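Examining the three-dimensional arrangement
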Amino acid sequence: MSMFARTTFATALVAAGLGFAALPASASAQSAGQGCVSPPGMNYQICNGQRVPKPGNRVATSNGGWREESKQGNCIVVREKTATGEFKESRRCD
């Protein structure tokens, strides 16, 4: 084999080896950084192949009720549940 062919072949092997070595590191960094996708218009995310509720700003009260606000398009949806079990949902569209 000529010197040019050996050098080209060795360079190609080194480049391929570095590419394969960097592949798992970039894949794990991507899954740790993003990991979750949200389908448009849905109130859940898909993380590791499973449905997970979108993180909301639910605030629990001391008597056992809660209040949560979420955005759906141009509207803000407010969900409230009292300690007695009453549920109320209202929309505020701007």
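Residues numbered from 1 in each chain as written. Predicted model: local features only at pLDDT ≥ 70, side-chain atom pairs only at ≥ 80, totals over all residues. Heavy atoms only, no water.

A word on the overall build of the protein. A count of helices and strands for the protein gives one helix and seven strands. Starting at the N terminus and ending at the C terminus, the protein contains elements arranged as α-β-β-β-β-β-β-β. Burial status across the protein gives 10% buried among its 94 residues. Long-range pairs, those at least 24 residues apart, make up 0% of the contacts in the protein with a sequence separation of at least 6. By element, 60% of the accessible surface of the protein is carried by carbon and sulfur atoms, the whole surface being about 7,600 Å². (Helix = DSSP H or I, 4+ residues; strand = E, 2+ residues; numbered from the N terminus. Buried < 20%, exposed > 50% of the residue type's maximum accessible area, 1.4 Å probe, protein only. Contact = heavy atoms within 4.5 Å. Areas by Shrake-Rupley, 256 points an atom, 1.4 Å probe, with all protein chains shown as cover.)

What follows is about the layout of surface pockets. One number sums up the size of the largest pocket: a volume of about 300 Å³. As for the largest pocket, its lining consists of 14 residues, of which Met-42, Asn-43, Lys-54, Ser-70 and Arg-79 are closest to the centre. Among the elements that line the lining of the largest pocket, the one with the most residues is strand β5 (residues 66–72), at five residues. Split into classes, the residues belonging to the lining of the largest pocket amount to four nonpolar, five polar and five charged. (1 Å grid on protein atoms, 1.4 Å probe; cavity = no way out; pocket = protein on both sides within 12 Å on 5 of 7 lines; lining within 4 Å. Points joined across faces, edges and corners; volume = space filled by probe spheres on them. Nonpolar A, V, L, I, M, F, W, Y, C, P; charged D, E, K, R; others polar.)

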